[in-house]
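Structure at a glance
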Amino acid sequence: MLTLAHEHGVPLEETSIERMFHACQQCHNRYDAPMRRAGIQQRAKAAMAIADMFGEHQ
């Protein structure tokens, strides 16, 4: 399956066709994997910080 990938580091609202590329689904997922991992880690840290804030007030 062919997908259309956005170049990393470019806000989606600023993405033009010149900043996109075609890739098979597997290559697209591999390209996005580091960015997805970073997002998962950021959300986990934020969730832990919120839990710590509320845990101190119990």
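Now for a description of the structure that goes with this document. All of these numbers come straight from a predicted model, not from anything done at the bench.

Describing the overall build of the chain
Helix and strand content of the chain: 1 helix and 2 strands. Over its C-alpha trace the chain gives a radius of gyration of 17 Å, far above what one expects of a compact globule, namely 10 Å for 58 residues. The C-alpha extent of the chain, read off along each of the three principal axes, is 50 × 25 × 15 Å. The proportion of buried residues among the 58 residues of the chain is 14%. Contacts spanning at least 24 positions in sequence make up 21% of the contacts within the chain whose residues lie at least 6 apart. Accessible area of the chain: about 5,000 Å², with a carbon and sulfur share of 59%.

Section: the environment of Met-1
In this fold, Met-1 is placed in the segment before β1 (2-6). It is 5.8 Å that separates the C-alpha atoms of Met-1 and Gln-25, two residues lying 24 residues apart in sequence. Excluding residues within four positions of it along the chain, Met-1 makes contact with Ala-23, Cys-24 and Gln-25.

Focus on the packing of aromatic side chains
Under the criterion given, the structure shown has 1 aromatic pair. Look at Phe-21 and Tyr-31: their rings are 5.1 Å apart centre to centre, the planes differ by 90 degrees, and that puts the pair in the edge-to-face class. With Phe-21 in strand β2 (residues 20-24) and Tyr-31 in helix α1 (residues 25-56), this pair connects stretches of sequence that are 10 residues apart.

A few points about a nonpolar patch on the surface
A surface patch of nonpolar side chains, about 320 Å² in accessible area, is lined by Ile-50, Met-53 and Phe-54. Structurally, the position occupied by Phe-54 is in helix α1. Using a relative accessible area of 53% as the deciding quantity, one classes Phe-54 as exposed.

Topic: the pattern of salt bridges
Per the stated rule, a full pass over the model turns up 2 salt bridges. For the salt bridge of Arg-19 with Glu-7, the shortest nitrogen-to-oxygen distance reads 2.8 Å. Placement of the pair is Arg-19 in the loop between β1 and β2 and Glu-7 in the loop between β1 and β2, with a sequence separation of 12 residues. For Arg-19, a relative accessible area of 35% corresponds to the partly exposed category. Between Asp-32 and Arg-36 there is a salt bridge whose closest N-O contact spans 3.5 Å. With Asp-32 and Arg-36 both in helix α1 and 4 residues apart, this pair spans about one turn of that helix. With relative accessibility at 41%, the residue Arg-36 sits in the partly exposed group.

Reading the values: rules and limits
- Residues numbered from 1 in each chain as written.
- Predicted model: local features only at pLDDT ≥ 70, side-chain atom pairs only at ≥ 80, totals over all residues.
- Heavy atoms only, no water.
- Helix = DSSP H or I, 4+ residues; strand = E, 2+ residues; numbered from the N terminus.
- Rg over C-alpha atoms; globule rule 2.2 N^0.38 Å.
- Buried < 20%, exposed > 50% of the residue type's maximum accessible area, 1.4 Å probe, protein only.
- Contact = heavy atoms within 4.5 Å.
- Areas by Shrake-Rupley, 256 points an atom, 1.4 Å probe, with all protein chains shown as cover.
- Phe/Tyr/Trp six-rings, centres within 6.5 Å; stacked < 30°, edge-to-face > 60°.
- Patch = residues over 30% accessible without salt bridge, like charges linked within 9 Å, V, L, I, M, F, W, Y side chains within 5 Å.
- Salt bridge = Lys/Arg side-chain N within 4 Å of Asp/Glu carboxyl O.

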